[in-house]
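Coordinates in review
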There are 4 protein chains.
Amino acid sequence: VSSAYIRQASEARKQKSNLIKTLLSQRRLPEEGWSDSTIELFLHELATMDSNNFVENVGVGEREARIVNNLVARRHYNLGHGIGRSGDVSAIQPKAAGSSLLLKLCTSMALQALKLAGVHSTKACLVLPVATGMSVTLVLLALKRQRPDAKYVIWPRMDQKSCLKAILTADLIPVVIENLLEGDEVRTDIPSVEEKLNDIGPSNVLCILPTSSCFAPRAPDRIVEIAKICKKYDVPHVINNAYGVQTSKSMHLISEGIRLGRVDAYIQSTDKNFMVPVGGAIVGGPNKQFIREISTTYPGRASASPVVDLFITLLGLGASGYKALLAERKVLLNYFKEQLAIVAEAHGERLLDTKNNPISLAMSLGGNYGDDPTFLGSMLYTRCCSGCRVVAPKAKKVIGDLSFTDYGAHINDYPVPYLTT
Amino acid sequence: VSSAYIRQASEARKQKSNLIKTLLSQRRLPEEGWSDSTIELFLHELATMDSNNFVENVGVGEREARIVNNLVARRHYNLGHGIGRSGDVSAIQPKAAGSSLLLKLCTSMALQALKLAGVHSTKACLVLPVATGMSVTLVLLALKRQRPDAKYVIWPRMDQKSCLKAILTADLIPVVIENLLEGDEVRTDIPSVEEKLNDIGPSNVLCILPTSSCFAPRAPDRIVEIAKICKKYDVPHVINNAYGVQTSKSMHLISEGIRLGRVDAYIQSTDKNFMVPVGGAIVGGPNKQFIREISTTYPGRASASPVVDLFITLLGLGASGYKALLAERKVLLNYFKEQLAIVAEAHGERLLDTKNNPISLAMSLGGNYGDDPTFLGSMLYTRCCSGCRVVAPKAKKVIGDLSFTDYGAHINDYPVPYLTT
Amino acid sequence: VSSAYIRQASEARKQKSNLIKTLLSQRRLPEEGWSDSTIELFLHELATMDSNNFVENVGVGEREARIVNNLVARRHYNLGHGIGRSGDVSAIQPKAAGSSLLLKLCTSMALQALKLAGVHSTKACLVLPVATGMSVTLVLLALKRQRPDAKYVIWPRMDQKSCLKAILTADLIPVVIENLLEGDEVRTDIPSVEEKLNDIGPSNVLCILPTSSCFAPRAPDRIVEIAKICKKYDVPHVINNAYGVQTSKSMHLISEGIRLGRVDAYIQSTDKNFMVPVGGAIVGGPNKQFIREISTTYPGRASASPVVDLFITLLGLGASGYKALLAERKVLLNYFKEQLAIVAEAHGERLLDTKNNPISLAMSLGGNYGDDPTFLGSMLYTRCCSGCRVVAPKAKKVIGDLSFTDYGAHINDYPVPYLTT
Amino acid sequence: VSSAYIRQASEARKQKSNLIKTLLSQRRLPEEGWSDSTIELFLHELATMDSNNFVENVGVGEREARIVNNLVARRHYNLGHGIGRSGDVSAIQPKAAGSSLLLKLCTSMALQALKLAGVHSTKACLVLPVATGMSVTLVLLALKRQRPDAKYVIWPRMDQKSCLKAILTADLIPVVIENLLEGDEVRTDIPSVEEKLNDIGPSNVLCILPTSSCFAPRAPDRIVEIAKICKKYDVPHVINNAYGVQTSKSMHLISEGIRLGRVDAYIQSTDKNFMVPVGGAIVGGPNKQFIREISTTYPGRASASPVVDLFITLLGLGASGYKALLAERKVLLNYFKEQLAIVAEAHGERLLDTKNNPISLAMSLGGNYGDDPTFLGSMLYTRCCSGCRVVAPKAKKVIGDLSFTDYGAHINDYPVPYLTT
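Report on the accompanying structure. Predicted model, so just to flag it, every value in this text is computed and none were measured.

Thresholds applied
Note on numbering: residues in each chain are counted from 1, in written sequence order. Whichever chain is written first becomes A and whichever ligand is written first becomes 1, with later ones labelled in order. Since the coordinates come from a predicted model, pLDDT governs what is reported: local features require at least 70, and pairs of side-chain atoms require 80 or more to be given and counted, while whole-chain, interface and lining totals use all residues. Side-chain metrics in this entry use all non-hydrogen atoms of the structure; hydrogen atoms and water are not considered. Helix numbers and strand numbers start at the N terminus; a helix is a DSSP run of H or I with at least 4 residues, a strand a run of E with at least 2. Whether two residues are in contact is decided by their heavy atoms, any of which lying within 4.5 Å being enough. Each accessible area value is a Shrake-Rupley result obtained with a 1.4 Å probe; residue values ignore everything except the protein chains displayed when judging cover. A positive count includes Lys and Arg, and a negative count includes Asp and Glu. His and the chain ends are not counted in either. All charge positions are set by atom: Lys at NZ, Arg at CZ, Asp at CG, Glu at CD. Buried area adds together the accessible area that both of two parts lose upon being put together, with accessible area traced by a 1.4 Å probe. In the sections that follow, a salt bridge refers to a side-chain nitrogen of Lys or Arg positioned within 4 Å of a carboxyl oxygen of Asp or Glu. With a 1.4 Å probe rolled over the protein chains alone, any residue whose accessible area is under 20% of its type maximum counts as buried; one over 50% counts as exposed, and the rest are partly exposed. Working definition of a nonpolar core: buried Ala, Val, Leu, Ile, Met, Phe, Trp, Tyr and Cys residues. They are joined through side-chain atoms within 4.5 Å. Our superposition of the copies is a least-squares fit, built on the C-alpha atoms of residues whose pLDDT is at least 70 in both. Any two strands between which DSSP finds at least two bridges are classified as paired. Expected helix span is given by 1.5 Å per residue-to-residue step, counting one fewer step than there are residues. Fitted lines through C-alpha atoms give the axes, limited to the stretch in contact for helices. The angle between two N-to-C directions lies from 0 to 180 degrees. Residues adjacent in sequence count toward polar contacts only when both atoms are side-chain atoms; beyond that, a polar contact is any pair of N or O atoms within 3.5 Å, and within protein one must be able to donate a hydrogen and the other to accept it. Each residue is assigned to one of three groups, with Ala, Val, Leu, Ile, Met, Phe, Trp, Tyr, Cys and Pro labelled nonpolar, Asp, Glu, Lys and Arg labelled charged, and all others, Gly among them, labelled polar. Working definition: a ring pair exists when centres of Phe, Tyr or Trp rings (six-membered ring for Trp) sit within 6.5 Å. Plane angles under 30 degrees give stacked, over 60 give edge-to-face, the rest tilted. Charge over a ring is defined by NZ of Lys or CZ of Arg lying within 6 Å of the ring centre and within 35 degrees of the ring normal. Each angle is binned into one of four classes, with values under 35 degrees roughly parallel, values over 145 roughly antiparallel, values of 65 to 115 roughly perpendicular, and all other values oblique. Here is the rule for handedness: rotate from the far helix to the near one, and if that takes an anticlockwise turn smaller than a right angle the crossing is left-handed, while a clockwise turn gives right-handed.

1. What to know about the overall build of chain A
The secondary structure content of chain A amounts to 13 helices and 16 strands. Each principal axis of the C-alpha distribution contributes one length, and for chain A these read about 75 × 55 × 40 Å. Expressed as a percentage of contacts within chain A between residues at least 6 apart in sequence, the contacts between residues at least 24 apart total 71%. When the accessible surface of chain A is summed, it comes to about 14,900 Å², and 52% of that surface belongs to carbon and sulfur atoms. Where the 48 positive side-chain charges of chain A centre and where its 40 negative ones centre are 7 Å apart.

Laid out in structure tokens, this is it:
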């Protein structure tokens, strides 16, 4: 073999090692995404560092990451120790140096992704192996340890069950702030938020919990105004940003909230923002100390699986791939908006005017759908179009002690039935 | 091809279909474990039933189980929807019939496994995608909704941090019952439990939370006596059975507790009992209604990954494989006991007499280890023997507001340093 | 779950079953490519039909497709029997109904792909698990059984070693026909072919073996004229079409050859035309009987692996994906041509005018490269550009008893050094 | 993390690197088999060295190992270049340093395995990606280039079609030597072999081609005597050892043949001896030069897949695992023999006395099976027992120009029908 070829092959080996070394030293998203093969090479190397994969290991304890089934071992790349220790879900595990390193790297890359997406003032984040709802509960439980006598959570109405459940599971009392109708849009009633806060007394309020990503015709909450109120009254501010990372508008709201007021944590789903299977969330915030406290609130160890998914996905995308996805989403939304407006007009309906909602669209279902406009949703699903929801008036819902009318519309008496996506 | 061969091939196809049909109709562990290939065939079939895998699906919502990375999609067999709905972590997902079915089947098989392992009176169980500590927190939070004014958890001291953290995370107050020394063994002080219960007042006690699997020289708690107290005073009883499914003795304690007293739930890790990666737990109990309430306490969706691991593992073992594992463990423990006694004697030490602990062994470290017997643990680890712990006297530990001396020994002033495994 | 959802899931299952049923009944490329998951589902189902995967199989023979290593079993989807029987490499294997079916389906789809690519008159094909060179040898050995006294193969010079080796391995005597220079192009000397054929005597000639895909500045051979000669003298015609399936021009030559003259078989690589790993070839022809005879020439069984690769790839592409690849290649070639012309001009060189070569381009290396123009190839490789070849004058090469000058240029005294890709 | 843990993790990493370094420097089977994860780590590293996996590669040639389908790329660990070059199937490929290294290592380990199995005098071997039949053809074609005028192959009758086909495919004339009956055994007629050799004239004989592993009641051929004849008359000796590596008796025959006479090459299947899917063979011999000539006979490149399978399997077994398999087979055969004798007796039949056959057993089917004893084979297959063959008298078979009576029995007029496994 000519020496040119040999040089080239060893050069190629070095390039892969360099990718890994750079990741380890910089702990940042690679600029270009890695190939599947490089990612798997690295996962195999990380697994090598966990004690269950030591060539000569003899495990005699109860927690030795034994994996009896070969399919299971494969799908986890022989990473069996999970993440965290009893005291802290992001602690390093002595017996699992590889898994611990993976978690650190994933957290660093997730932090960078939050910044890339627009909240540059984020100082720390936590990748949790539980989804958004449970993550909100954990953040509330962490706050509770700081404010043991505060029992109320002020919550601008958002007709999606998980967030409300998250409050109830934490054994807290939700204080619902009804929204206002502005044109077609459903928006936060800021004066009511402040008034209610004063009524209850700021020291009795655990936090205000608004939402920065939601279905049209509701708009994201007025985060900046709420942040200012939180600062003024020294009340914590936790933002449910479930699927807001994908849009620069929601991230800008949070960024401005941090700059001009108070934000303690903002919480986002990994599946909705990074296209991994359901199961993880990222909690970000401008205050390292508070993020660490959430981490130490979690009791015991946890599944590494959602972290591994995010880790692989971020390495596979790289910074450029991730930015390309964000840009593509923007373009697709505009296209979708145009096309949906055409369809609406063709059927004598109209696209609702929800210019403050950068993620979701809604179209009126004026009068053509008889008694049960929800039938349209079922028809769409049967034709393999999933993810639309028809919101019809007068739906009632009881959650815990609370009862809602026009549930789904985020407001009572929304003037028209609609389809939202 | 001769017709005999054709008959045989289609017979073989039918055998696999029959395995699947039997599983679907009986929802029980197969008697013989399935091959990897049959398991994967079935997982691919289940995935087919989730909307993200429909051939012609167009997903327009925010939660469509999009998976951008191919490695991630593969390791989850294209199952992306997770489990549960906002109201109930074991609810059926309309868009994910396959994932929902998988969860149902896994739950049924897990229930059967708990019965096989000795607690035949279990009526329902829940496979949670969070590990033991967080599962204990969830069970406590579920109880709290039933007993909103009860703030205390009576807890026989068990020097492992997760369980105590689980109580604190749920914003409850742990009441530590110090243990008694009986020969070499550390055992529950039943009179103190009852006395403390009366002191606090039963209606102020959320539950008693004993431990049925632990490291020697502590013995599993006196579950039956505690169950009787719980029945007598009408106080809930939650058992931390973290790694107790693997031993008939712990399971027998729980079974007798149910028969003769009150047990609300017993909680076990999937990784320690079923050899999957860390990340799941099973909550079992004699009362279907309470298990369901725990399920509805969980806010939002959750990762399916720990469920998939358990599902694959149970199918791969089958009832006979699982029973064989249980039997093998018993034989290995006896062998280990004999050999460790020989080693102990050779070094002028002795195996501690802990006949009530069916899982763990301890060996004295009398006087040969100078100032720092913990050095032995580090030496063993360096020689690739993981999972041993050396417990030396006078270790102090503060957890929350509680401070312990001789932490690790489950009792103050244990007479001798020891190595436990 | 609403009945709409249940209907939809079972509809989805049915869609996948229908894909498989359609494939089994039509034995054609699916119009749309299948997803990875559908392909794997089908491979698992096929494996189920092979005896080594029967649930209760007891294999006592020497050839039972035992696979000891789990990684190996996985990468072959538990298909272990290979293909063929001792008498015929495409025969059905009684013990391996699944593997046999896979081979049949792959062969049918490959036949359709050859037609789609332009040779509609192909009546049968054979997917061989050996690459082009060995496949040429096998075709020659099959011809030899029909023409036991014919020892000569007339072969228009093509400076790529495999084809010449294929003749020598079959213990035949190559008769080299030197090419002619026409402008920049190197082309077949048809009069010499016919003259040589008469010299040797047609009955002593096993076949004429031209090449329909090659590196510029050589053009594909004048297949139609050769086909006419073969018809006229009743001499077999075997075409080395190694990487010609990808271009309609080469396929058109073969098609016209069949229409206007005689073609017995044309041979193409699976890796170069269908982007699978090296290892397979497809032999196509207008005469079913002859293709079958090649199949029965192969002694014993063979690896299924190249067949499985092609099978997966064709299912994954579908007819539309395959056509899109062909169309994309055409566009890319034109773009490449334009750009390379610009580069050439910028360096005082020129793109050679090789309009009859639809696959490859060549650029002169006039005078700027000193004594050793091949140094440029090495430099390009070092810069990660692989697949270029520099052809410098006066290279000598001896293969078997034959010696060539200007090896690589397909002709003696090509006027200028060049780079070909 | 305590420094002990860090030391341990980096120690563990080093252990894996050392396994790989040792393999690269010693090129021998590891003593202990590697875990799946170590094997995959190494395969990913090898792939890194092939040009198609270079991070910045731009491939412009026709043979760039492009793999369009992701499932295909995965199952080949991104190794796409196959093995060999046009001139030599075991040559190093400049663009595929990783694949080339894999082939070298696999060849070295295979050589060692042949020695371990008993033929210590083997000096070189070739791992071919074609099965036994085609490998025999290639060896014969290689011999033909050395002895262009020798057309005959002396072949003691062996009623398995592939070997005879291998002779015919190479365009050679088989000279069948009928066997002799000795007790129950069918054995080589050595005087006839020598007589026939003299009749034809040694210079007209390409080689003698006996068989060292076969179905009872035929015994392996008298290899040592044939080797002596070959030496005496200076005629090549090629041994069909298809499934003989697994038994020390067959390997001893070959070893003694080399020591006392002449052996040019002995050929064995990878699937039957190393439990990989059908598709490869190993050609071993005492003469490096001849083995190299076979290698240069192969025209063009070839699939790497059978080589990769053997490579993974040998690494996974290690020397100790391989020796354990050999030992286990011996034990199982004896057990099988005892049990089959009992079954035979119970049915008024008997185990045929075939003490020279170390692999296969046969049992008489005296008179209980009416007109068609083959029905028994079909019944066994239907009951999922595959691999038995019933040999009934008077079966006729025509292969090429040869016709056989009592085909399957290796001799005319075998006295009794029988079942062989």
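2. What to know about the interface of chain A and chain D
It is common to give the size of an interface as the accessible area that goes away when the parts come together. With 28 residues of chain A in contact, the opposing surface of chain D contributes 28 residues. Summing both partners gives a buried area of about 2,800 Å² for chain A against chain D, and 63% of it is carried by carbon and sulfur. Taken as a group, R13, H44 and T48 of chain A account for 19% of the area that chain A buries against chain D, more than any other trio of residues on that side. Summed over the shared surface of chain A and chain D, the number is 4 salt bridges. Salt-bridge contacts for E40 of chain A lead to R74 of chain D; the nearest nitrogen and oxygen are separated by 3.3 Å.

3. As for the environment of L315 of chain D
Residues and elements named next belong to chain D. The topology assignment puts L315 in helix α12 (residues 305-346). For L315, a relative accessible area of 0% puts it in the buried group. Residues L315 and G33 lie 282 residues apart in sequence; the distance between their C-alpha atoms is 5.6 Å. If we skip the residues at most four places from it in the chain, L315 touches L23, P30, G33, W34, I39, F42 and M109.

4. Considering the nonpolar core
Nonpolar side chains in soluble globular proteins generally cluster together in the buried interior. In terms of nonpolar packing, the biggest core is built from 194 residues, with F311 of chain C together with F311 of chain D touching the most fellow members. When near neighbours in sequence (up to four residues on either side) are disregarded, F311 of chain D contacts F42, L43, L46, L102, L105, C106 and M109 of chain D.

5. Some words on the relation of the copies chain B and chain A
Structural alignment of chain B on chain A gives an RMSD of 0.0 Å, achieved by rotating through 180° and translating 0.0 Å along the axis. Expressed as an axis order, the relation between the two copies is that of a two-fold axis. Among all residues of chain B, the one whose C-alpha sits closest to the rotation axis is R75 of chain B, at a distance of 2.4 Å. Interface overlap between copies is the fraction of interface residues in one copy that are interface residues in the other; for chain B against chain A it reaches 100%, indicating a shared surface.

6. Notes on the relation of the copies chain A and chain D
When chain A is fitted to chain D, the residual RMSD is 0.0 Å, and the transformation amounts to a turn of 180° plus an axial shift of 0.0 Å. When the interface residues of chain A are mapped onto chain D, 100% of them again lie at the interface, so the same face is used by both copies.

7. A few points about the pairing of strand β10 (residues 281-285) of chain C
Residues and elements named next belong to chain C. Counting buried residues in β10 gives 5 out of 5 residues, a clear majority hidden from the surface. Going residue by residue along β10, you find A281, V283 and G285 tucked away on one face and I282 and G284 tucked away on the opposite face as well. With 5 bridges joining them, strand β2 (residues 124-128) and β10 adopt antiparallel strand pairing. By the bridge assignment for β10, L126 is matched with V283.

8. Section: helix α5 (residues 132-146) of chain C
When the terminal C-alpha atoms of α5 of chain C are compared, their 22 Å separation across 15 residues agrees well with the 21 Å that a helix rising 1.5 Å per residue should span. By the criterion of burial, α5 of chain C is predominantly enclosed, with 13 of the 15 residues buried.

9. Remarks on the sheet that holds strand β8 (residues 238-240) of chain C
Residue and element names in this part refer to chain C. Strand order in the open sheet formed by 4 strands is β2-β10-β9-β8, with mixed pairing between adjacent strands. Where the open sheet ends on each side, the last strands, each with one partner, are β2 and β8. In this sheet, adjacent strand axes meet at a mean angle of 20° when their direction is disregarded. Relative to β10, strand β9 (residues 265-269) runs antiparallel, the two sharing 4 bridges. The residue bridging S269 from the neighbouring strand is A281, located in β10. The strands touched by helix α11 (residues 288-297) within the sheet are β2, β9 and β10, with β2 carrying the most contacts at an inclination of about 20°.

10. Focus on the interface of chain B and chain A
Chain B puts 82 residues into the contact, and the matching count from chain A is 83 residues. Per-residue buried area on chain B facing chain A is highest for E62, L71 and R75 of chain B; these three make up 12% of the total on that side. Our count for the chain B to chain A interface comes out at 6 salt bridges. As a salt-bridge pair, R75 of chain A and D309 of chain B come within 2.9 Å of each other at their nearest N and O atoms. On inspection of chain B and its partner chain A, the count reaches 38 residue pairs in polar contact (both at pLDDT 80 or more). Taken together, the residues that form the side of chain B that touches chain A break down as 36 nonpolar, 27 polar and 19 charged. As judged from the 2 bridges shared by strand β1 (residues 58-59) of chain A and strand β12 (residues 385-386) of chain B, these two strands associate in the parallel manner. Its bridge partner lying in β12 of chain B, G59 of chain A is registered against S386 of chain B.

11. What to know about the pattern of salt bridges
All names here are of chain D. Inspection of every chain in the model, using the stated rule, returns 65 salt bridges over all chains. Put simply, K394 and D413 hold a salt bridge, and the shortest N to O gap is 3.3 Å. Note that K394 is positioned in the loop between β13 (389-391) and β14 (397-399) and D413 in the loop between β15 (402-404) and β16 (418-420), a separation of 19 residues in sequence. For K394, a relative accessible area of 58% gives the class exposed. For D413, a relative accessible area of 53% corresponds to the exposed category.

12. So, the pairing of strand β3 (residues 152-156) of chain B
Residues and elements named next belong to chain B. Burial analysis of β3 places 4 of its 5 residues in the buried class, which makes it a mostly covered element. Strand direction decides the pairing type here: β3 and strand β4 (residues 173-177), joined by 5 bridges, are parallel. Bridge pairing links I154 to V175 in β4. Of the strand pairs in this sheet, β3 and strand β7 (residues 205-208) are connected by 3 bridges, and their pairing is parallel. The residue of β7 that forms the bridge with V153 is C207.

13. Some points on the sheet that holds strand β11 (residues 362-364) of chain C
Residue and element names in this part refer to chain C. Taken in spatial order, the 3 strands of this open sheet run β11-β16-β13, and their pairing is antiparallel. Of all the strands in the sheet, just β11 and β13 (389-391) have a single pairing partner and so form its edges. For this sheet, the mean angle separating the axes of adjacent strands, direction not counted, is 25°. Relative to strand β16 (residues 418-420), β13 runs antiparallel, the two being bridged by 3 bridges.

14. Some remarks on the packing of aromatic side chains
Applying the stated criterion to the full structure yields 24 aromatic pairs over all chains. Each ring, one from W34 of chain B and one from F42 of chain B, has its centre 5.8 Å from the other, and the planes form 65°; the classification is edge-to-face. Judged by relative accessible area, which is 5%, W34 of chain B ranks as buried. Sitting over the ring of F215 of chain A, R389 of chain A keeps its end group 4.3 Å from the ring centre.

15. Remarks on the packing of helix α8 (residues 223-233) of chain B against helix α9 (residues 248-260) of chain B
All names here are of chain B. Interaxial distance between α8 and α9 falls to 8 Å at its minimum, and their mutual angle equals 25°. With respect to their mutual orientation, α8 and α9 come out roughly parallel. In this structure, the crossing between α8 and α9 has a hand that is right-handed. Where α8 approaches α9, its residues I223, V224, A227, K228 and K231 are matched on the opposing element by L253, I254, E256, G257 and L260.

16. Some points on unusual backbone geometry
In the segment running from A216 of chain A into P217 of chain A, the intervening peptide bond is cis, with an omega of 10°. Structurally, P217 of chain A can be placed in the loop between β7 (205-208) and α8 (223-233). Backbone geometry at Y77 of chain D places phi at a positive 50°, although glycine is not the residue there. With respect to the helices, strands and loops of the structure, Y77 of chain D is situated in the loop between α3 (70-75) and α4 (97-116). Phi at M275 of chain D takes a positive value of approximately 55°, unusual for a residue other than glycine. Structurally, the position occupied by M275 of chain D is in the loop between α10 (270-274) and β10 (281-285). Given the relative accessible area of 18%, M275 of chain D is considered buried.

Take it as geometry only, folks, not as evidence of what the structure does.
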